[in-house]
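# Topology and contacts: notes
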Amino acid sequence: MKVAVPKETAPGERRVALVPEVVGRLLAGVVEVTVEGGAGEAASFPDQAYVDAGAQIAPDLAALYAGATIVARVQKPSEQELAATPEGAVLIGFLQPLTDPAGIERLVGRGVIGFAMESIPRITRAQPMDALSSQATVAGYKAVILAAERLPRFFPMLTTAAGTVAPAKVLVLGAGVAGLQAIATARRLGAVVSGYDVRAVVREQVESLGATFLDLGVAGEETEGGYARELSAEAERRQQEELEQRIPDFDVVVTTALVPGRPAPKLIPAAAVEAMRPGSVVVDLAAEAGGNCELTEPGDEFEHGGVRILGPTNLPSTMPFHASQLYARNVAALLTHLAPEGELKLDFEDEITAGACVTRREEVAA
């Protein structure tokens with residue numbers, strides 16, 4: 001079985017689907033791995049590292065895809081890349097099945113068997129394959145680093161000969177994987193941290209990291225996948241009103257409330273931002289889905305009334321080494337599931353295989 005790893009061509013994408021460390025493990029399972037030349041360079045994995053791990057280096061897509069059974073990517077392929085993908089091959093990557101139906105139809109037309117990493121079921125035995133969580137970990141960490149860089153204040157409390165400097169106050173909205181990592185990172189930097197989530201069940205997780213749980217008196221239910229259920233219009237209104245009163249007390253607000261395939265809930269109205277102290281920072285990790293802040297501009301950074309608002313997109317790609325390392329382990333776990341002992345065996349009675357598969361030859365998977 002041959003696994004092909006192309007170089008990512010999406011604008012700003014620096015990750016790679018497999019790293020040398022993981023290639024070595026796959027080769028031990030009787031899997032052949034071919035990597036397009038330069039595929040790992042942006043993530044600090046040179047071609048020689050792949051060669052040392054036992055992979056083959058292909059000079060172009062034609063050589064890469066010759067005889068390929070599986071294509072492992074990060075981002076979905078462009079139309080040109082899809083045209084070069086072998087018909088009937090298994091394609092693994094972030095294929096955006098909920099937001100790009102036209103792209104899924106193109107996969108169907110090509111006869112590709114698509115496995116979307118964002119569609120991995122959130123069940124215990126699928127945790128090693130959960131790329132949404134691994135990349136959210138990177139995003140949560142980097143969001144706080146960006147905030148610390150932009151904030152014109154220290155994060156920790158400092159006692160100096162010139163007097164004591166008070167620590168920064170940080171609020172993290174959303175206590176999923178990204179939010180919990182943001183809380184942990186802000187705590188490590190010495191800030192006084194509060195966390196908020198409509199799911200009361202995560203309160204213990206927030207407090208276990210040394211943060212204070214911000215209770216707004218608005219509670220919501222949790223879905224089977226671990227996401228927060230959408231609030232009623234009345235509950236959402238009360239949530240915004242409460243946040244508008246509390247947010248001015250904080251120097252940094254990091255928002256992480258996001259459910260795949262849906263517009264991000266609006267948590268922070270413009271009035272709340274305008275009430276914040278000059279120099280404060282908002283980092284909106286839901287920018288790609290419209291943002292949790294009313295003022296967020298996806299992919300942009302600007303100042304509004306003295307408050308810095310960041311709407312970064314694809315933050316994991318800004319830390320490509322570890323983001324690629326984590327993603328590669330997710331891909332390898334899925335490959336091991338789909339091809340035990342190096343032989344592809346697609347069992348669509350299996351919850352993971354059926355859940356992650358978004359195209360099957362001539363049809364879109366249910």
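Okay, so let's go over this structure. Remember, predicted model here, so these are calculated numbers, not experimental data. (Residues numbered from 1 in each chain as written. Predicted model: local features only at pLDDT ≥ 70, side-chain atom pairs only at ≥ 80, totals over all residues. Heavy atoms only, no water.)

## Focus on the side chain of Thr359
Put simply, the rule reads: Helix and strand assignments come from DSSP, with helices taken as H or I runs of at least 4 residues and strands as E runs of at least 2, each series counted from the N terminus. For the exposure calls, accessible area comes from a 1.4 Å probe over protein chains only, and a residue counts as buried if that area is under 20% of its type's maximum, exposed if over 50%, partly exposed in between. In protein, a polar contact means a hydrogen-donor-capable atom and an acceptor-capable atom, both N or O and within 3.5 Å, with residues adjacent in sequence counting only if both atoms are side-chain atoms; elsewhere, any N or O pair within 3.5 Å suffices.
Along the chain, Thr359 falls in strand 16 (residues 359–360). With relative accessibility at 0%, the residue Thr359 sits in the buried group. Only 2.7 Å separates the side chain of Thr359 from the backbone nitrogen of Gly114, close enough to count as a polar contact.

## Some thoughts on the sheet that holds strand 14 (residues 301–304)
Applicable threshold: Only strands that DSSP links by at least two bridges are regarded as paired with each other. Whether two residues are in contact is decided by their heavy atoms: any pair within 4.5 Å suffices. Only C-alpha atoms enter the line fits that serve as axes; for helices the fit covers just the stretch in contact. Angles between N-to-C directions range over 0 to 180 degrees.
Spatial strand order, 11-10-9-12-13-15-14: seven strands in an open sheet with mixed pairing. Two strands in the sheet have a free side with no partner beyond their single neighbour: strand 11 (212–213) and strand 14. Where strand 9 (residues 169–173) lies against strand 10 (residues 192–196), five bridges are found, and the strand directions are parallel. For Val172, the partnering residue across the bridge sits in strand 10 and is Gly195. Helix 6 (residues 131–150) rests against strand 12 (252–255), strand 13 (281–284), strand 14 and strand 15 (307–310) of the sheet, and its axis sits at about 155 degrees to strand 13.

## Side note on the side chain of Gln75
Residue placement: Gln75 occurs in strand 4 (residues 70–75). Residue class for Gln75 comes out buried when judged on its relative accessible area of 15%. At 2.8 Å, the side chain of Gln75 forms a polar contact with the side chain of Glu13. The contacts of Gln75, once residues within four sequence positions are left out, are Glu8, Ala10, Glu13, Arg15, Phe94, Gln96 and Asn314.

## Looking at the sheet that holds strand 4
In spatial order, the strands read 3-2-1-4-5-6; together these six strands make up an open sheet with parallel pairing. Two strands close off the open sheet at either side, each with one partner strand: strand 3 (56–58) and strand 6 (113–116). Pairwise comparison of adjacent strand axes, ignoring direction, gives a mean angle of 25 degrees for this sheet. Here two bridges tie strand 1 (residues 2–5) to strand 4, and the two strands are oriented parallel to one another.

## Side note on the packing of aromatic side chains
Note the cut-off: Classification of ring pairs rests on two measures: the distance between centres of Phe, Tyr or Trp rings, Trp counted by its six-membered ring, which must be within 6.5 Å, and the angle between planes, read as stacked under 30 degrees, edge-to-face over 60 and tilted in between. Counting as a charge over the ring demands two things of the Lys NZ or Arg CZ atom: a distance within 6 Å of the ring centre and an angle within 35 degrees of the ring normal.
The full count for this structure, using the stated rule, is two aromatic pairs. Its end group placed over the ring of Phe348, Arg360 keeps NZ or CZ at 4.0 Å from the ring centre.

## A word on helix 5 (residues 101–110)
Definition in use: The directions considered for the arc are those from the helix axis to the C-beta atoms.
Those residues of helix 5 lying buried are Gly103, Ile104, Leu107 and Val108. Mapping the buried residues of helix 5 onto a view down its axis gives an arc of 150 degrees, with all of them on the same face. Phi turns positive, to about 75 degrees, at Gly111, one or two residues after helix 5.

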